[in-house]
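# Chain and residue survey
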Amino acid sequence: MKLTTKGRYAVTAMLDLALHYENGPITLADIAQRQGISLSYLEQLFSRLRRKSLVTSVRGPGGGYRLGHDAKEIFIGEVIQAVDENMDTTRCGGAHNCQENERCLTHDLWQDLSSQIYSYLNKISLQDMMDRRGVRDVANRQDQKSLDVALSALDTH
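The notes below deal with the structure included here. (Residues numbered from 1 in each chain as written. Predicted model: local features only at pLDDT ≥ 70, side-chain atom pairs only at ≥ 80, totals over all residues. Heavy atoms only, no water.)

### Details of helix α1 (residues 5–19)
With 15 residues, α1 extends 20 Å between its outermost C-alpha atoms, agreeing within 8% with the 21 Å of an ideal straight helix rising 1.5 Å per residue. Those residues of α1 that sit buried are Gly7, Ala10, Val11, Ala13, Met14, Leu15, Asp16, Leu17, Ala18 and Leu19. (Helix = DSSP H or I, 4+ residues; strand = E, 2+ residues; numbered from the N terminus. Expected span 1.5 Å × (residues − 1). Buried < 20%, exposed > 50% of the residue type's maximum accessible area, 1.4 Å probe, protein only.)

The structure is reproduced here in structure tokens:
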């Protein structure tokens, strides 16, 4: 399995959304600024997350995104799959044609690893991540940096 930026960014953005949930709808611009992710890339990811009901959108002034379910009900594996990320470690993508159109010697090993990864990621919820002290520390640092940037922009005007 190769977890690409699509899966990593989706998990990061969803965790950011969960951490700031009490502030009401969160704009993608705020997530983009805090996490250093392109706004247009986030728009693509959130379109997919919305289709899977992992987020809901709120239109109008003060609009943005909210979690589609409680943070304890959204699992990391779901988020990764929602953005079409593949969690398969086999060379053949599970098609059993790894070696000259036949199953290779280690196919079952890689298939078992894929199952373990899938199982592991589907046991960790956004709430589990939020409960980790290190995650809260990073979020607090990012929030402070965002506040500093906003205040500095006001000072220059």
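### Brief notes about unusual backbone geometry
Non-glycine residue serine 53 carries a positive phi angle of around 65 degrees. Along the chain, the position of serine 53 falls in the loop between α3 (39–51) and β1 (55–58). Positive phi, normally seen in glycine, also occurs at asparagine 101, with a value near 65 degrees. The topology assignment puts asparagine 101 in the loop between α4 (76–82) and α5 (107–121).

### Observations regarding the nonpolar core
Counting residues in hydrophobic clusters, the biggest one holds 36 residues, and the most contacted among them are Met14, Leu17, Phe46, Leu49 and Leu126. Within the residue set of this core, elements represented by two or more residues are α1, α2 (28–35), α3, β2 (64–67), α4, α6 (126–130) and α7 (133–155). It is α1 that contributes the most residues to this core, eight residues altogether. Each residue touching leucine 126, except ones within four places of it in the same chain, is listed here: Met14, Leu15, Ala18, Leu67, Ala71, Ile74 and Ile76. (Core = buried A, V, L, I, M, F, W, Y, C linked by side-chain atoms within 4.5 Å. Contact = heavy atoms within 4.5 Å.)

### Side note on a nonpolar patch on the surface
On the surface, a nonpolar cluster with roughly 270 Å² of combined accessible area is contributed by Leu109, Trp110 and Leu113. With respect to the helices and strands, leucine 113 occurs in helix α5. (Patch = residues over 30% accessible without salt bridge, like charges linked within 9 Å, V, L, I, M, F, W, Y side chains within 5 Å. Areas by Shrake-Rupley, 256 points an atom, 1.4 Å probe, with all protein chains shown as cover. Salt bridge = Lys/Arg side-chain N within 4 Å of Asp/Glu carboxyl O.)

### Overview of the packing of aromatic side chains
This model, assessed by the stated rule, comprises two aromatic pairs. Plain terms: the ring middles of tyrosine 9 and tyrosine 41 are 5.7 Å apart, the flat faces sit at 85 degrees to each other, and that makes the pair edge-to-face. In this pair, tyrosine 9 is assigned in helix α1 and tyrosine 41 in helix α3, connecting sequence segments 32 residues apart. When the ring centre of tyrosine 21 is taken as origin, the NZ or CZ atom of arginine 66, which lies over that ring, is 5.1 Å away. (Phe/Tyr/Trp six-rings, centres within 6.5 Å; stacked < 30°, edge-to-face > 60°. Lys NZ or Arg CZ within 6 Å of the ring centre and 35° of its normal.)

### Thoughts on the pattern of salt bridges
The full count for this structure, using the stated rule, is four salt bridges. Across the pair aspartate 16 and arginine 34 runs a salt bridge, and its minimum N-O distance is 2.7 Å. Here the residue aspartate 16 occupies a position in helix α1, and arginine 34 occupies one in helix α2, the gap between them amounting to 18 residues. Of the two residues, aspartate 16 and arginine 34, neither departs from the other in class, the shared state being buried. With a closest N to O distance of 3.9 Å, aspartate 137 and arginine 133 form a salt bridge. On the criterion of helical spacing, the pair formed by aspartate 137 and arginine 133 is a turn pair, its members being four residues apart in helix α7. Judged by relative accessible area, arginine 133 falls into the exposed class, the value being 66%.

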